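# A closer look at the structure
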Amino acid sequence: MREMAEQAVLKRVQALEPWMVGLAQELIAIPTVNPYSGDRDAPGEAAGQAWIAERLKELGGHVRCVPVPSDIYARYGLIGPPGREWKGRDNVVAEWEFGKGGPTILLNTHMDTVGTADMAIPPFDPVIRDGYLYGRGSSDSKGNLAMDLTVLRALSEAGPPRQGRLVFESVVDEECSGGGAGTLACCAAGISADLALVTDGPRGLAAIGCNGLATLWLTVKGRAGHSSLNLAVSAIDKGIVVKQAVDAFMEEYGKRHSGCRGTVGVFRAGQLPSTVPGEAVIGVNLKYAIEEARVAERTRGQWSGVLFRERFEQWLRAAVATDAWLGEHPPLLQWTSDMTPFETRADHPCVLAVLEAARDATGETLSAGFMPAWFDGARLALALRIPVIGLGHGELGQAHSAAERVPIGNLVAGARTLALLLTRLFDAFPP
Ligand SMILES: [Zn+2]
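Residues numbered from 1 in each chain as written. Predicted model: local features only at pLDDT ≥ 70, side-chain atom pairs only at ≥ 80, totals over all residues. Heavy atoms only, no water.

## So, the overall build of the chain
The secondary structure content of the chain amounts to 13 helices and 18 strands. Here the C-alpha radius of gyration of the chain, 23 Å, is about what a compact globule of 431 residues would show, namely 22 Å. Taken over 431 residues, the chain has a buried fraction of 56%. Considering only residue pairs separated by 6 or more positions, the chain has 82% of its internal contacts joining residues 24 or more positions apart. (Helix = DSSP H or I, 4+ residues; strand = E, 2+ residues; numbered from the N terminus. Rg over C-alpha atoms; globule rule 2.2 N^0.38 Å. Buried < 20%, exposed > 50% of the residue type's maximum accessible area, 1.4 Å probe, protein only. Contact = heavy atoms within 4.5 Å.)

Here it is, written out as structure tokens:
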């Protein structure tokens, strides 16, 4: 019986492959660049969200919009990116009630993309060449959205599951340091599940966690003045000392925690060659290990990078104190976000079910490990305290790239895996 249901859904997925590719193309052609991408006139997610709401209604879902409250980070006691606005940027949520009992399974993916300013191909022209679909968002994460829709349709056409509930979220503000405001808003709206699958990230990985990520701004003061006088103190020179201290900290930290790196992504100072600059501003991302949050939860009662941040501050104070000027004028420090880590147990039955479904659907052995970057799964794990697994089918290294693409074969493999997995999970949960 179960085998028949599995064969039926895989057959439907196969028949829907051209439809899936068409959906991905339609979606890439709709710009949904995050307003904080740095692109001029970035449109935000609205047009894509309207498009997907229509598709979800056609698939029989009960569809609604979930806006992001302006105090969303404060509600969860989080340091979120400041100054973001979410007006006109609603999440789209759809639900299917299959029958009494059984699990509730949540599918979550983001609609926004990063900017297009540096792209080497037309970002919104979804060309197919040599088995690849090109365009902004093809890998991250519009191919995955098309894959999700295809699986939803295949499930209903193959004869829907006899029990359980499925919830699908197309969320906003995941990219461009968005911090997962959209996903958090869905959690705050009371949408929960027994298991969440986040269809984001590269193929080949069942992402059972990610490290934390803290963002920091440092303002380094010098003494502005004319370059012909000796009285001035260059904020560029002092900023370089600070940058080197940051680099040294992360090099040391990375030796003990593999995969944890720091990025000095912004260094701004100076206006004219003839003037010694009085201020430098440095923007830094610091990736921290999940152990930090575990210890912080035990000792401070908060799942966050608070201990990591304090240790960094101490290090920086000590490191710059050796410089006479900086010892007296230490850099001003502002943490603007702390994106918390998460981990789902590798031996959780749902993780094993994902690995098994991939093997049976495609012959592929997924590795269960951490996502190389922070992703929205962390928000679901934090707010809902449920097992969360990332199961994207982008191409490794293509997210945010100048000629972003996705192999169509990835989307086919992903749709097969997801369809088989959901069929099994709805049939028997926990697996
Ligand atoms: Zn993504």
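## A look at the nonpolar core
Within the largest apolar cluster, 61 residues are counted, with the highest numbers of intra-cluster contacts made by Ile52, Leu56, Leu197 and Leu422. If we skip the residues at most four places from it in the chain, Ile52 touches Val92, Met111, Leu145, Leu149, Phe168 and Ser170. (Core = buried A, V, L, I, M, F, W, Y, C linked by side-chain atoms within 4.5 Å.)

## Structural notes on the coordination of the zinc ion
Surrounding the zinc ion are the protein donor atoms His110 (NE2), Asp140 (OD), Asp200 (OD) and Asp200 (OD), at 1.9 to 2.5 Å. Coordination at the zinc ion is irregular: its four donor atoms span angles of 53 to 142° at the metal. Counting along the primary sequence, the residues that act as donors to the zinc ion give the motif H-x29-D-x59-D. On the criterion of sequence distance, the pair formed by His110 in strand 3 (residues 104–110) and Asp200 in the loop between strand 7 (195–198) and strand 8 (205–210) is long-range, its members being 90 residues apart. Summarising the burial analysis for this pair, His110 and Asp200 share the class buried. (Donors = N, O, S within 2.8 Å, 3.2 Å for Na, K, Ca; no water. Tetrahedral: all angles 85-135°; square planar, octahedral: opposite > 155°, others 65-115°.)

## Overview of a nonpolar patch on the surface
A cluster of nonpolar side chains, contributed by Ile236, Ile240 and Phe267, occupies part of the molecular surface with about 210 Å² of accessible area. Mapped onto the elements, Ile240 comes out in helix 7 (residues 235–256). (Patch = residues over 30% accessible without salt bridge, like charges linked within 9 Å, V, L, I, M, F, W, Y side chains within 5 Å. Areas by Shrake-Rupley, 256 points an atom, 1.4 Å probe, with all protein chains shown as cover. Salt bridge = Lys/Arg side-chain N within 4 Å of Asp/Glu carboxyl O.)

## Overview of the environment of Arg64
Within the secondary structure layout, Arg64 lies in strand 1 (residues 62–66). Through-space distance from the C-alpha of Arg64 to that of Asn91 is 8.4 Å; in sequence the pair is 27 residues apart. For Arg64, the residues in contact, after removing those within four places along its chain, are Asn91, Val92, Val93, Glu95 and Ile191. Of note is the side chain of Arg64, whose polar atom sits 3.4 Å from the side chain of Glu95. (Polar contact = N/O pair within 3.5 Å; in protein donor to acceptor, adjacent residues only side chain to side chain.)

## Re the packing of helix 5 (residues 138–157) against helix 13 (residues 408–427)
At their nearest, the axes of helix 5 and helix 13 sit 9 Å apart, and the two run at 45° to each other. The orientation of helix 5 relative to helix 13 falls into the category oblique. For the crossing formed where helix 5 meets helix 13, the hand is right-handed. Of the residues in helix 13, those in contact with Gly143, Asn144, Met147, Asp148, Val151 and Leu155 of helix 5 are Leu411, Gly414, Ala415, Leu418, Ala419, Leu422 and Thr423. (Axes fitted to C-alpha atoms, helices over the stretch in contact; angles between N-to-C directions. Parallel < 35°, antiparallel > 145°, perpendicular 65-115°, else oblique. Left-handed = near helix turned anticlockwise from the far one by under 90°.)

## Topic: empty space enclosed by the protein
Counting across every chain of the model gives one cavity of 30 Å³ or more. The volume enclosed by the largest cavity comes to roughly 50 Å³. Residue lining of the largest cavity: Leu59, Trp96, Phe98, Leu152, Leu155, Ser156 and Leu166, and that is the complete set. Mapped by element, the contributors of at least two residues to the lining of the largest cavity are strand 2 (91–99) and helix 5. Considering every element that reaches the lining of the largest cavity, the biggest residue donor is helix 5, with three residues. Residue composition of the lining of the largest cavity, grouped by class: six nonpolar, one polar and no charged. (1 Å grid on protein atoms, 1.4 Å probe; cavity = no way out; pocket = protein on both sides within 12 Å on 5 of 7 lines; lining within 4 Å. Points joined across faces, edges and corners; volume = space filled by probe spheres on them. Nonpolar A, V, L, I, M, F, W, Y, C, P; charged D, E, K, R; others polar.)

## Here we look at the sheet that holds strand 5 (residues 132–134)
Read across the sheet, three strands follow the order 4-5-18 without closing on themselves; strand pairing throughout is antiparallel. Edge positions in the sheet fall to strand 4 (128–129) and strand 18 (405–407), since each of these pairs with one other strand and no more. Here strand 4 pairs with strand 5 via two bridges, running antiparallel. Residue pairing for strand 5: Ile128 is matched across the bridge by Leu133. On the sheet, helix 5 packs against strand 5 and strand 18 and is oriented at approximately 50° with respect to strand 18. Helix-sheet contacts for helix 13 involve strand 4, strand 5 and strand 18, and the interaxial angle to strand 18 is about 60°. (Pairing = 2+ DSSP bridges.)

## Let's talk about the domain arrangement of the chain
Under the domain assignment, the chain is made up of domain 1 (2–210 + 341–427) and domain 2 (212–339). One C-alpha centre belongs to domain 1, the other to domain 2, and the line joining them spans 35 Å. Across the contact, 17 residues belong to domain 1 and 14 residues belong to domain 2. Between domain 1 and domain 2, the buried area comes to about 1200 Å², and carbon and sulfur atoms account for 62% of it. When residues of domain 1 are sorted by the area they lose upon contact with domain 2, Ile79, Pro341 and Trp374 head the list and together hold 51% of the total. A salt bridge links Arg294 to Glu343, with the nearest nitrogen and oxygen atoms 2.4 Å apart. Along the contact surface separating domain 1 from domain 2 lie four residue pairs in polar contact (both at pLDDT 80 or more). Its residues assigned to classes, the side of domain 1 that touches domain 2 comprises 12 nonpolar, two polar and three charged. (Domains from an automatic or database assignment. Buried area = accessible area lost by both parts, 1.4 Å probe.)

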